[in-house]
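# Architecture and fold: a report
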Amino acid sequence: MDVSRKANREQDEITLQYQSRREVQLIEELNEGKLAQLLAFVDRLEQTPPGAAELKERVALLGVCQPMEEETSSQFYARLRHWLDRDLPGTTSPRRAPRQTDD
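Our subject in this report is the structure included herewith. The structure displayed is predicted, hence computed values, not measured ones.

## Some details on the overall build of the protein chain
Each helix and strand in the protein chain was counted, giving four helices and zero strands. The secondary structure elements of the protein chain, listed N-terminal to C-terminal, are α-α-α-α. In the protein chain, which comprises 103 residues, the share counted as buried stands at 15%. Summing over all exposed atoms, the protein chain offers an accessible surface of approximately 9,100 Å²; the carbon and sulfur share of this is 52%.

This is how it looks when you write it as structure tokens:
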């Protein structure tokens, strides 16, 4: 195997993985926009009675999802998205009592 070809290929891969400061800045701005949209969705969800009840239940079962120190907007977006998408654990009692029928 030609060692120089392997070294060149590895250098090319490193070069392709490099992101300029401008690219990193654009990606971060995009992530901040996504986070702003998600937070707006949560605010709208909180304005509806079923949405407020679901958020209250999520807080009770999963805890509050707030940004942590030193956390980037993309990291918080991912954590909040997971918090919202996560299935809530089942409870031992149903939310509504079963219907009683007199037959």
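## A short note on the environment of E32
For E32, the position within the fold is in helix α2 (residues 21-46). Relative accessible area serves as the criterion here: at 44%, E32 is assigned to the partly exposed category.

Cut-off values and rules
Residues numbered from 1 in each chain as written. Predicted model: local features only at pLDDT ≥ 70, side-chain atom pairs only at ≥ 80, totals over all residues. Heavy atoms only, no water. Helix = DSSP H or I, 4+ residues; strand = E, 2+ residues; numbered from the N terminus. Buried < 20%, exposed > 50% of the residue type's maximum accessible area, 1.4 Å probe, protein only. Areas by Shrake-Rupley, 256 points an atom, 1.4 Å probe, with all protein chains shown as cover.

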